[in-house]
Amino acid sequence: MTVFIFLGSLLGAMALGIPIAYSLLVSGVALMWHLDMFDAQILAQNVINGADSFPLLAVPFFMLAGEIMNVGGLSARIVKLALTLVGHKRGGLGFVAILAACMLAALSGSAVADTAALAALLLPMMVKAGHDKAKSGGLIASAGIIAPVIPPSIGFVIFGVAANVSISKLFLAGIVPGILMGLSIAIAWYFVAKRENIQPPPKASLKEQLAALRESLWALGLPVIVIVGLKMGVFTPTEAAVVAAVYALLVSMLIYREMSIKQLYEVFVSAAKTTAVIMFLVAAAMVSAWLITVADIPSQMISLLEPFMGNQTLLLIAIMVLVMAVGTAMDMTPTILILTPVLMPVIKQAGIDPVYFGVLFIINNAIGLITPPVGTVLNVVAGVGRMKMDEVTRGVIPFMTAQFIVMFLMVLFPSIVTVPARWFAG
Amino acid sequence: ADIKERTIKYAVIYDIKHPHGLGAQKFADLVAQHSGNKIKVKIYAGGTLGGEVQMLSAMQGGTVEMSAVASSQLVGIIKEFAALDLPFLFNNEKEVDAVMDGPVGKQLLERLPAKGLVGLSWFEHGFRNLTNSKRPVQKLEDIQGLKVRVQQNSVAIDTFNALGANAVPMPFPELYSALEQKAVDGQENPYTTVESSKLFEVQKYLSVTRHSYTPLPLLMSKKFWDGLSADEKKIIQDAATEAAVYQRKTNREVNEKSLQALKAAGMQVTAIAPAEMERIRAKVQPVVAKYSAQVGETLVKELFGEIEKVRKP
Amino acid sequence: MVSRFLDGYCRLIDALIALALAVMVVLVFGNVVLRYAFNSGITVSEEVSRWLFVWLTFLGAIVALKEHGHLGTDMLVSRLGKTGKKVCLVISQLTMLFVTGLLFSGALAQAQINLDVQAPVTGASVAIFYGAGVFFAVSAALLLLRELLRTLTGKVRDEELVMVQESEDLAALHDLHLDDPMKPDVQPPRVAPQR
Ligand code: NA
Ligand code: NA
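Here the structure is a predicted model, which is why all the values come from computation and not from measurement. Counting from 1, residues in each chain are numbered in the order their sequence is written. Whichever chain is written first becomes A and whichever ligand is written first becomes 1, with later ones labelled in order. Two thresholds apply to this predicted model, a pLDDT of at least 70 for residue-level local features and 80 or more for giving and counting side-chain atom pairs, whereas whole-chain, interface and lining totals are computed over all residues. Hydrogen atoms and water are omitted, and side-chain values are computed over all heavy atoms in the structure.

1. What to know about the overall build of chain C
Put simply, the rule reads: Strands are runs of DSSP state E lasting at least 2 residues, helices are runs of H or I lasting at least 4, and numbering of each runs from the N terminus. The classification of residues rests on relative accessible area computed with a 1.4 Å probe and restricted to protein chains. Under 20% of the type maximum is buried, over 50% is exposed, and intermediate values are partly exposed. A contact between two residues is defined here by any heavy atoms of the two lying within 4.5 Å. In this description, accessible areas are obtained by the Shrake-Rupley approach with a 1.4 Å probe, and a residue is regarded as covered only by the protein chains that are shown.
Secondary structure assignment for chain C yields four helices and zero strands. Shown N-terminal to C-terminal, the secondary structure of chain C runs as helices and strands in the order α-α-α-α. Within the span of chain C, comprising 195 residues, buried residues form 49% of the whole. Sequence separation of at least 24 residues holds for 76% of the intrachain contacts in chain C that already meet a minimum separation of 6. Accessible surface computed for chain C: about 9,300 Å², of which carbon and sulfur atoms make up 65%.

See below:
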């Protein structure tokens, strides 16, 4: 009963067009009323304390780093490097997109920012080369969602805080699965491109390759700092994020000299605004999470999922399908915030490694960004590439399918995730 | 008797098997027993309702009914509680029990209702010891330069800075990952906490410093308390008093067991020679003097007087 | 007149949250540098940056409310006619006003409780912390009331009938400056001759 009050009020408010953050507060009010503990202070207390978190400070800092990279010319150099490295292969521009996406993913934590950069830089080239626009757009969308899987990742930060799981461990565990997502779409693209049969651009000379490498060396230093810093235990994730932001700032202003003071101000305003939208949602989710705890909804969920509890694989498949369903209609941050407090107790009860689950959960949420009807990353490609949503949606299907296959392989064979995770955490 | 059906939300920051949780469970059982199951104490363990600071504010506002919160967290609300944070105040459990169950303990609890809280009895967090990942701490000089996470409490910050460490105030939930990342080198807590929060995984050296003792007043929201009948108040007060005896005893037993478990897990335990201990004590005297003045000489004198009574044979 | 004032108010908040973010960067980055280079730290860094973060969140949430930047879905509403949309909008605004009112009274109560409570490190009044909620609620209530009045008096333009966007960082997209460094030296690949 309680769980239906929660979901009913939440979805009802959302259907009216109320912002999700406010809808979460509405569901909190409904739960308070249902539990006969109506008190405005519960709302205020949890919403304000919900925004008060040092680990979540990583969110604005990674936001800032990502924005600076796009504005300051770091992203463009990475794309150019990928172009000189693999551009000449058959279907080369597609592989460029995938390689560039993986490298950009290691610099930024947001799928939208990466996709926008890729779509702006590569989509026109791909179309000009004769590739089908729908398929090219679909490929770029599916490449863009690798960003939140390969660290740094705002999704992992929010999940880590909500689920009380080590953000560093999540980061390090995401590297290999992220690369596998890239490989899966590379394979899919190989078959797509084979049929298109388009002449790739000429091979870049070694000199051009070295020049591009030298140009992008400063940008490539960023993931090295973040990953090595985390692995060696030099920084906490929050500190890694601030170091990344300052580093990107210095490279843009002093080395590439592509960012003006005015742009700098705009970047700070923009990062602060985006952060506020995310954090207000996080804070509002704390209200419903608190009442979910008080109302014991997790134990109701556990008894609901009791038939699956004995079999970790079946349980995970059930949960993954649920997340897929939610992901068709909802963006990543709200999905994480709404489902984590409900799912985590189930995961713990079933004895599933929370880091492993976190990786699967974030991958699923990431793919949700390209599943219709609501796929934010599809919107970005459509917007930046001036395409129709239907067109991008049609184009993304082979790549989305490949990524779902990889995700379910990880469900069936957990060692794909856990073995490299252990290796990185070493 | 005048007893209504009631549910009490009791927030525990630690795991239910930690002495904080065991005390809560004992209290819940006693209340259930004496109220004929009419008053239910529902325990929310593992910090699921929020951290200590948030719980204090929640109890003051009446949204959470109960929690046992480290006395050091009360300093922001009632400055006199800082007296209990003074470094090397108590030498042993015997002194602790005499003072907390005596007039000073009572006097401190009586300050709470003015701030919307009712102090029922004294649970304990216990004597704190220093751990770190850098080196065995055997003497004063070994502490110098260590980055030590302390509670978000000015006495604790000043104490460790006085010893030459870099005190880093930080909320407890962030401690493990900060130690893992070596953002801080060390921390100070009772053995039970080091064991239950698995800090031994990221801390190699433990020094038996017993540099401060943290009491854990069992608190109730005054808003809730004021709505209770005399019979209900008696049930709750009696349960709190009885649970406190049990909780402190259990905490000390578990603490000893934890020490053994930490040794077994590979932590290197270092005792500090009495002469070194004197040097360390001398070093924190300015901190004691500063906060004694802030808290008020009368209270501090009374506190030291009570302790002296126990120390004299 | 009102709308000019509101725009100015939001630009002021923009500047404040950008400043807050900059201070947070300085404090947290400064702490890292001090720790590694000088083996010391800024004791207040953590507490001050967390409080700035809270204020940034609630101040930014005001601007997002005005600019319809909060996340949401228009899946259902977008299928309705103009009247349907308006009805949903009025219900939404009333609901949000109610929730905002609760937030106000709750935050005010907490601010009063914490008026004399000192923050552990800085010693500042914890009411400042809860004050973020009060400030947000007052501003949000005024914005919502104005929008409600405009909806009821029919002054709302059609595109304003939806008050959410689907993704948080879509709003930031127009700020992308993905221009020149690529263009001069990357030749557009040629289209292959059909075999
Ligand atoms: Na990333
Ligand atoms: Na979707």
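2. Some words on a nonpolar patch on the surface
Residues and elements named next belong to chain C. The condition that has to hold: Surface patches are defined over residues having more than 30% relative accessible area and no salt bridge, joining like charges when they lie within 9 Å and nonpolar side chains (Val, Leu, Ile, Met, Phe, Trp, Tyr) when within 5 Å. Here, a salt bridge means any side-chain nitrogen of Lys or Arg that lies within 4 Å of a carboxyl oxygen of Asp or Glu.
Among the surface-exposed residues, Phe104, Leu108, Val138, Leu142 and Leu145 lie close enough to one another that they form a single nonpolar patch of about 400 Å² accessible area. Elements with a contribution of two residues or more to the nonpolar patch: α3 (82-113) and α4 (127-152). Here the element with the most residues in the nonpolar patch is α4; it accounts for three residues. Structurally, Leu108 can be placed in helix α3.

3. So, the UniProt feature "transmembrane region" (unreviewed entry) in chain C
Residue and element names in this part refer to chain C. What counts, and what does not: UniProt positions are given in the numbering used here, feature names are shortened, and annotations may be inferred rather than shown by experiment.
With numbering matched to this structure, UniProt assigns "transmembrane region" (unreviewed entry) to residues 12-36, 48-66, 87-109 and 121-145. Annotated as 100% helix and 0% strand, the span residues 48-66 places its first and last C-alpha atoms 27 Å apart. Split by type, residues 121-145 is 76% helix and 0% strand. Its first and last C-alpha atoms lie 39 Å apart.

4. Topic: the interface of chain A and chain C
Keep this limit in mind: Summed over both partners, the accessible area (1.4 Å probe) lost when two parts come together is defined as the buried area. Within 3.5 Å is the distance limit for a polar contact, defined as a pair of N or O atoms, with the added protein rule that one can donate a hydrogen and the other accept it, and that residues adjacent in sequence qualify only through two side-chain atoms.
On the chain C side, the residues contacting the 86 residues of chain A number 81 residues. With both sides pooled, the region where chain A packs onto chain C buries about 7,300 Å², and carbon together with sulfur makes up 75% of that total. Per-residue buried area on chain A facing chain C is highest for Leu16, Tyr22 and Ile48 of chain A; these three make up 9% of the total on that side. If you look at where chain A meets chain C, you find three salt bridges. Lys273 of chain A is the partner of Glu67 of chain C in a salt bridge, and the nearest nitrogen-oxygen pair spans 3.3 Å. Between the two partners, chain A and chain C, sit nine residue pairs in polar contact (both at pLDDT 80 or more).

5. Some thoughts on the packing of aromatic side chains
Quick reminder of the rule: Aromatic contacts are taken between Phe, Tyr and Trp rings whose centres are within 6.5 Å, Trp giving its six-membered ring; a plane angle under 30 degrees counts as stacked, one over 60 as edge-to-face, and the others as tilted. Put simply, a charge is over a ring when the Lys NZ or the Arg CZ is close to the ring centre, within 6 Å, and near the line of the ring normal, within 35 degrees.
Applying the stated rule across the entire model yields 20 aromatic pairs over all chains. Between Phe90 of chain B and Tyr213 of chain B, the ring centres sit 5.5 Å apart and the planes meet at 85°, which makes this aromatic pair edge-to-face. Here Phe90 of chain B, found in the loop between β3 (66-68) and α3 (93-100), pairs with Tyr213 of chain B, found in strand β8 (residues 205-221); they are 123 residues apart in sequence, far enough to count as distant. Neither residue differs from the other here; Phe90 of chain B and Tyr213 of chain B are each classed as buried. One cation-aromatic arrangement involves Arg77 of chain A over Tyr256 of chain A; the distance from NZ or CZ to the ring centre is 3.6 Å.

6. Description of the interface of chain A and chain B
Cut-off, in case you're wondering: Under the convention adopted here, Pro, Cys and the residues Ala, Val, Leu, Ile, Met, Phe, Trp and Tyr are nonpolar, Asp, Glu, Lys and Arg are charged, and Gly plus all remaining residues are polar.
Of the residues lining the interface, 23 residues belong to chain A; the matching set on chain B comes to 19 residues. Between chain A and chain B, a total of about 1,600 Å² is buried, with carbon and sulfur atoms accounting for 48% of that surface. Linking chain A to chain B there are two salt bridges. In this structure, Asp296 of chain A and Lys42 of chain B form a salt bridge, with 3.0 Å as the shortest nitrogen-oxygen distance. Seen at the junction of chain A and chain B, the total is six residue pairs in polar contact (both at pLDDT 80 or more). Elements represented by at least two residues in the side of chain A that touches chain B include exactly α3 (40-50), α10 (167-196), α12 (237-255) and α13 (261-294) of chain A. Looking at the side of chain A that touches chain B, the element that brings in the most residues is α3 of chain A, giving five residues. The residue inventory of the side of chain A that touches chain B, partitioned by class, reads 10 nonpolar, nine polar and four charged.

7. Digging into unusual backbone geometry
Here the residue pair Pro151 of chain A and Pro152 of chain A is connected by a cis peptide bond, since its omega of -5° sits within 30 degrees of zero. By secondary structure assignment, the location of Pro152 of chain A is in the loop between α8 (133-144) and α9 (154-163). Although it is not a glycine, Asn164 of chain A adopts a positive phi angle of roughly 55°. Locating Asn164 of chain A in the fold gives a position in the loop between α9 and α10. Owing to a relative accessible area of 67%, Asn164 of chain A belongs among the exposed residues under this scheme. For Arg210 of chain B, which is not glycine, the phi dihedral falls at a positive 40°. Mapped onto the elements of the fold, Arg210 of chain B is located in strand β8. Take Arg210 of chain B: its relative accessible area is 28%, and that puts it in the partly exposed class.

8. Examining the UniProt feature "domain: TRAP C4-dicarboxylate transport system permease DctM subunit" (unreviewed entry) in chain A
Here the UniProt-annotated "domain: TRAP C4-dicarboxylate transport system permease DctM subunit" (unreviewed entry) positions come out as residues 7-415 of chain A. The span residues 7-415 of chain A is 79% helical and 0% strand by assignment, and the distance between its end C-alpha atoms comes to 34 Å.

9. Examining the side chain of Ser136 of chain A
All names here are of chain A. Residue position: Ser136 is located in helix α8. According to the relative accessible area criterion, Ser136 is buried, its value standing at 0%. Among the polar contacts listed, one links the side chain of Ser136 to the backbone oxygen of Asp132, at a separation of 2.7 Å. Among all residues touching Ser136, those that are not within four sequence positions of it are Leu123, Met126 and His131.

10. Considering the pattern of salt bridges
By the definition in use, this model includes 37 salt bridges over all chains. The shortest N-O distance in the salt bridge between Asp52 of chain A and Arg50 of chain C comes to 2.6 Å. With one member in each of two chains, Asp52 of chain A in the loop between α3 and α4 (58-71) and Arg50 of chain C in helix α2 (residues 45-66) form a pair that bridges those chains. Taken as a pair, Asp52 of chain A and Arg50 of chain C share a single burial class, namely buried. Linking Asp14 of chain C and Lys273 of chain A is a salt bridge whose minimum nitrogen-to-oxygen distance equals 3.5 Å. Of the two residues, Asp14 of chain C is situated in helix α1 (residues 2-38) and Lys273 of chain A in helix α13; the pairing between them involves two chains. A cluster of three or more residues bridged by salt bridges with shared partners is formed by Asp97, Asp101, Glu124, Arg248 and Arg252 of chain B.

11. Some thoughts on the packing of α10 of chain A against helix α11 (residues 206-231) of chain A
Residue and element names in this part refer to chain A. This is how the line gets drawn: Axes, fitted as lines to C-alpha atoms, cover a helix only where it is in contact. Angles between the N-to-C directions of the axes lie from 0 to 180 degrees. Any angle that falls under 35 degrees is termed roughly parallel, while one over 145 is termed roughly antiparallel, one within 65 to 115 roughly perpendicular, and all others oblique. With the far helix as reference, a near helix turned anticlockwise by less than a right angle produces a left-handed crossing, and one turned clockwise produces a right-handed crossing.
The interhelical angle for the contact between α10 and α11, taken along N-to-C directions, is 125°, at an axis separation of 10 Å. Taken together, the axes of α10 and α11 are oblique relative to one another. Viewed along their axes, α10 and α11 form a crossing whose handedness is left-handed. Residues Ser168, Phe171, Leu172 and Ile175 of α10 form the contact with α11, whose participating residues are Ile227, Leu230 and Lys231. Across the contact of α10 with α11, the residue classes tally to five nonpolar, one polar and one charged.

12. Thoughts on the environment of Ala107 of chain C
Mapping Ala107 of chain C onto the fold places it in helix α3. Put simply, Ala107 of chain C and Ala127 of chain C are 20 residues apart on the chain and 9.3 Å apart in space, counted from C-alpha to C-alpha. Discounting residues that sit within four places of it in the chain, Ala107 of chain C has contacts with Ala44 and Ile48 of chain A together with Tyr130, Gly133 and Val134 of chain C.

13. Here we look at the side chain of Ser9 of chain A
All names here are of chain A. For Ser9, the location among the structural elements is in helix α1 (residues 2-15). A polar contact is formed between the side chain of Ser9 and the backbone oxygen of Ile5, at a distance of 2.6 Å. In this structure the side chain of Ser9 is engaged in a polar contact, spanning 3.1 Å, whose partner is the backbone oxygen of Phe6. Excluding its chain neighbours within four sequence positions, the residues that come into contact with Ser9 are Phe4, Val26, Ser27 and Ala30.

14. With respect to the nonpolar core
The cut-off we apply is this: In this description, a nonpolar core means a group of buried Ala, Val, Leu, Ile, Met, Phe, Trp, Tyr and Cys residues linked to one another through side-chain atoms lying within 4.5 Å.
Membership of the largest hydrophobic core comes to 280 residues, with the highest contact counts inside it found for Tyr22, Phe159 and Phe357 of chain A. In terms of residues, this core owes the most to one element, α13 of chain A, which gives 21 residues. Excluding anything up to four places from it in sequence, Phe357 of chain A contacts Phe159, Leu316, Ile319, Met320, Leu343, Met344, Ile347 and Ile352 of chain A. In this structure, Ala68, Phe123, Phe224 and Ala240 of chain B belong to the second largest nonpolar core, which totals 29 residues.

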